[in-house]
Amino acid sequence: MLRVNRMNPSSAHHARPSAANACLARSVVDTLAEEPTLEAVTIDRAQRKISVATLGRADVARLTECITTRFQTAQAADAGHTCSLLSGEGDCFSCDTPLSGDERKRITIQNDGPTTTIARVTCPTAPTFWRWRDMPFPKVVPRDVEFLEHVGEIDEWKTQLAAAILCGVFGLAGFFLGRFGHPTPSVLSFIAAYLAGGFYPAEEVWERLRKRTIDVHFLMLAVAVGAASIGAWAEGATLLFLFSLSGALEHYALGRTQKEIRSLFRDAPKVATVLDVQGKEREVKVEQLKQGMRLLIKPGVQFPVDGEIARGNTAADESNLTGEATPVKKAVGDTALAGTINLWGAVEVVVARPAAESALQKIITLIKDAQQRKAPAQQFTDKFSSIYTYAVIGLSFVMFFVWWLGFRLAPFSVAHGDEQSAFYRTMTLLVVSSPCALVLSIPSAVLAAIAWGARHGILFRGGAAVEKLAETNIVALDKTGTLTTGELRVEKIESFPPGRESEIARLAFSLERLSTHPLARAITRYGKQQNLEPIEFEHFESVTGQGLRANRDGSVCALGGRDWIAEGRHADAMALAPVTDAGFSEVWIEENDLLGRVILRDDIRPQSATVIQELRDEGLRTVVLTGDRKATAEHLREQLKLDDVRAELKPEQKVEAVRALSEANRRVAMIGDGVNDAPSLAAAHIGVAMGARGADAALEQADVVLMNDRLENFLAAFRLSQRARRIIRQNLFISLGTVVVLVSFAMLGKIPLPIGVVGHEGSTVVVVMNSLRLLFGAASANKKT
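Just so it is clear, the structure is predicted and the values come from calculations on it, not from any experiment.

Moving on: the overall build of the protein chain. From N to C terminus, the protein chain includes 29 helices and 28 strands. Every one of the 785 residues in the protein chain was classed for burial, and the buried ones make up 52%. Counting only contacts in the protein chain whose residues sit at least 6 apart along the sequence, the fraction spanning at least 24 positions is 69%. About 35,200 Å² of surface is accessible on the protein chain, with carbon and sulfur atoms providing 56% of the total.

Here's what the structure looks like:
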């Protein structure tokens, strides 16, 4: 889960480490030293929750395991003593390895009642870019949905189904053998049914018991054994048959979801063809490829890593990354993404980043991380069902004595006619009140939504994103790369006075080749196509929201917008330069007496007008937040009939605008693609990043990623989110309604155990199959429902 509250940087820097937490601080300091992406850890003892803050890419699974293990060790170490100075007035002498002076200087510790936060000492602005994730304390859970990653696990439903069928066959044989006066063969058949139907539940119970936890599998096995102990073999066999059958169907549903995700990714190549400086070919393992290596990619072969086309022309099939079947043309200067297929031309590619940092690996990590993140509603049901499970066990225990001593029912015997023993009624109550369907009602729908989205180029970063997107009532959009194509092209280069255009082009190319903004990508592509020789600068500086500044041979070169460059020595010359027409962008360059500009064109996406209209039809208000000048923004408003446009905004002003919209009781979805959009994405109710080519900072802060750069997929994501919310509500109604009805009849003793089992397992299957409608009802996600 993404935490929206963050530390106050100013207070963090002045907080004094509390000696009371020395043992805990020791474990966290050691983890901070080992995990460079970890920035802070918060322990909330009241809520039984650990929260971690990371910066950049983090291996969440490994980090969670490391933090949990160290925290448990620290707890065990603290259990045998109490710090003598809880107020932090001295050192904790009970700790074997107290923090050294240098270690105390590198961290801050804040205590706020039951909450303790331990963080690195860092710059005041860094915490605004931290990404918080919550992880619960180790606890007893009634049930959870497993992440089926391996093929064997995905196909396990087949063996579970076979075991359920065997259980049913042996159970029927035992029933008929008993009816025809063959008690011994009947009991042997029932035992075989128990072994077949109870094998997989027993495995689950054993795994849980090793972790000192119990779940509904334990309850079902206990009821089945209890039924056998009083001679109700048929009821116990019926229970195990239906329970194992529903388990097989659940595994089938989750396996189907996982297969949808696995089908996105083809087997990646193990080796790549590397070209040396003489042009000779040699085979190198993909994991050994380094930035700057030159590769030869032949037709029909996958691009093994992210790279830049250095020679040749081709087209790439990017459907497994973006969901878009149309081939994408690739020329010199264009980016080729790992996992996509080179369709027809042999091309030479320069490695942009190692395989472990490729767009493909980034997507796989996003999807796996998303499936582990729980929606807020699921967190509530998990917490509720944990308490509920223990309440049911306690209620059943009390009701046994009520029926036995209060209603004078026989304590242990088989049900005959309308007479049921107290133990028989207790087992029935346990079965019908188990929260099986409730626990599966939310994660099954969330996983199905994530799978469908991933299959169609929409990545939800967890269940929270699926839920939150449906709550959106205003959409804030960046202009470049969102409403426009983002594929700018250089239209014209001007110098003032004329005649030095080639110098302007070379300076612009040399500065922009180090940036990832769409304007920079266009200028860099132009420079490579023109074979411009880059200039080496001594110092390079990015001025946030303004532009770039660099030094060479004692002179300063600046590149940026008109207003920023006009603050320098060339204000008078710039005042005479005509303003570009609406729909064009300009980048100004100055160095000593040299002044010029690059004029670029960025076309509005053909689908933008339709999408804006459909957003309006959905009841969503649209606001564009852009750094472009007002004339361009107003032109965009007229073309697309936008509700509001705010122009000439710096990144911090975009954040202020998003926060102002949020304070007006609106749920803001912010859509962007660049580094300058990352703070706005983090500030919004839900952030949406455009494309696999988007900046890493934007993808890190986004809750939803539209892989194929198609704005209309935001509509599909929004409608899918709404459908998922409706199905979750339906599932909750079915699961809770079934429990209320069955428990009411069980309390009155009006329901036999087999009927209770059918009702309980039937509601579980209905909930899972209802969730699968999200996976198979793809068409309705693309139209208004």
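This next bit is on the pairing of strand β8 (residues 281-285). Examined bridge by bridge, strand β7 (residues 271-275) and β8 share five bridges and lie antiparallel to one another. What sits directly across from V271, in β8, is K285. Connecting β7 to the next strand, β8, in antiparallel fashion are five residues, including G279 with a positive phi near 85 degrees.

With respect to topology, six strands assemble into an open sheet ordered β8-β7-β9-β15-β10-β13, the strand pairing being antiparallel. A strand with exactly one partner marks an edge of an open sheet, and here the two such strands are β8 and β13 (335-336). Where strand β10 (residues 307-311) lies against strand β15 (residues 347-351), four bridges are found, and the strand directions are antiparallel. The residue of β15 that forms the bridge with G307 is V351.

We now examine helix α13 (residues 422-433). The end-to-end C-alpha distance of α13 is 16 Å, a good match for the 16 Å that 12 residues give at a rise of 1.5 Å each. Taken across its 12 residues, α13 has 11 buried, putting it largely inside the fold. Taken residue by residue, α13 has A422, Y424, R425, T426, M427, T428, L429, L430, V431, V432 and S433 as its buried positions.

Glancing now at the nonpolar core. As a rule of thumb, soluble globular proteins bury nonpolar side chains together. With 47 residues, the main nonpolar core has F460, L483 and F714 as its most contacted residues. Other than its neighbours up to four places away in sequence, F714 contacts L469, V475, L615, A669, I671, V688 and L706.

What follows is about the packing of helix α27 (residues 712-747) against helix α28 (residues 753-776). Relative orientation and spacing of two packed helices are given, respectively, by the angle between their axes and the distance between those axes. It is the contact of α27 with α28, at a shortest axis distance of 9 Å, that shows an interaxial angle of 175 degrees. The pairing of α27 with α28 is recorded here as roughly antiparallel in orientation. The residues of α28 that touch α27, namely those facing L720, R723, A724, I727, Q730, N731, I734, S735, T738 and L742, are G756, G759, H760, S763, V766, V767, N770, S771, R773 and L774. For the contact of α27 with α28, the residue count by class is eight nonpolar, 10 polar and two charged.

Here we take up the pattern of salt bridges. Within the structure shown, the criterion is met by 21 salt bridges. Look at the salt bridges and you will find they share partners, linking K492, E494, R562, E586 and R597 into a network.

To continue, consider the sheet that holds strand β14 (residues 341-342). Read across the open sheet, the three strands follow the order β12-β11-β14; overall the sheet is antiparallel. The open sheet is flanked by β12 (328-330) and β14, the only strands paired with a single partner.

Going through the model one piece at a time under the given rule, you end up with 11 aromatic pairs. Ring geometry for F175 and F176: centres 5.4 Å apart, planes at 75 degrees, overall edge-to-face. When the centroid spacing of 5.5 Å and the interplanar angle of 20 degrees are considered together, the rings of F496 and W588 count as stacked. Residue F496 is located in the loop between β18 (489-495) and α18 (501-512), and its partner W588 is located in strand β22 (residues 584-591); the two are separated by 92 residues in the primary sequence. Of the residues examined, W588 reaches a relative accessible area of 0% and is grouped as buried. Among the aromatic residues, ring-to-ring pairing joins F397, F400, F401, W404, F412 and F423 into one connected group.

Glancing now at unusual backbone geometry. For the bond running from F496 to P497, omega is 0 degrees, close enough to zero to count as cis. Relative to the elements of secondary structure, P497 occurs in the loop between β18 and α18. Although it is not a glycine, N592 sits at a positive phi angle of roughly 55 degrees. As for its position among the elements, N592 is in the loop between β22 and β23 (594-601). By relative accessible area, N592 is classed as partly exposed at 36%. Within the chain, E648 stands out as a residue other than glycine whose phi angle is a positive 55 degrees. With respect to the secondary-structure elements, E648 resides in the loop between β25 (644-646) and α24 (651-663).

Once that is clear, we can look at the environment of G596. Looking at where G596 falls in the secondary structure, it is placed in strand β23. Residue G596 is classed as buried on the basis of its relative accessible area of 0%. Separated by 102 residues in the primary sequence, G596 and E494 have C-alpha atoms spaced 5.4 Å apart. Dropping the residues within four chain positions of it, G596 is found in contact with E494, S495, F496, I504, V587, W588 and I589.

The rules behind the values
- Along each chain, residue indices are assigned from 1 in the same order as the chain's sequence is written.
- This being a predicted model, a pLDDT of at least 70 is required before a residue's local features are given, and a value of 80 or more before pairs of side-chain atoms are given or counted; all residues contribute to the totals for chains, interfaces and linings.
- Based on all heavy atoms of the structure, the side-chain values leave hydrogens and waters out of the count.
- Strands are runs of DSSP state E lasting at least 2 residues, helices are runs of H or I lasting at least 4, and numbering of each runs from the N terminus.
- Exposed residues in this analysis have more than 50% of their type's maximum accessible area, buried residues have under 20%, and partly exposed residues fall in between, with area computed by a 1.4 Å probe over protein chains only.
- Here, residues are in contact when the closest pair of their heavy atoms is within 4.5 Å.
- A 1.4 Å probe and the Shrake-Rupley method give the accessible areas. Residues count as covered only by the protein chains that appear here.
- Should DSSP find at least two bridges between two strands, the strands are regarded as paired.
- To estimate the expected span of a helix, subtract one from its residue number and multiply by 1.5 Å.
- Among buried residues, the Ala, Val, Leu, Ile, Met, Phe, Trp, Tyr and Cys ones that are joined through side-chain atoms within 4.5 Å form a nonpolar core.
- For helices, the fitted axis covers only the stretch in contact; all axes are lines through C-alpha atoms, and the angles between them, taken along N-to-C directions, range from 0 to 180 degrees.
- Angular relationships are summarised with four words: roughly parallel below 35 degrees, roughly antiparallel beyond 145, roughly perpendicular across 65 to 115, and oblique for the angles in between.
- Each residue gets one of three labels, nonpolar for Ala, Val, Leu, Ile, Met, Phe, Trp, Tyr, Cys and Pro, charged for Asp, Glu, Lys and Arg, and polar for the others, Gly among them.
- For this document, the term salt bridge refers to a Lys or Arg side-chain nitrogen within 4 Å of an Asp or Glu carboxyl oxygen.
- Aromatic contacts are taken between Phe, Tyr and Trp rings whose centres are within 6.5 Å, Trp giving its six-membered ring; a plane angle under 30 degrees counts as stacked, one over 60 as edge-to-face, and the others as tilted.

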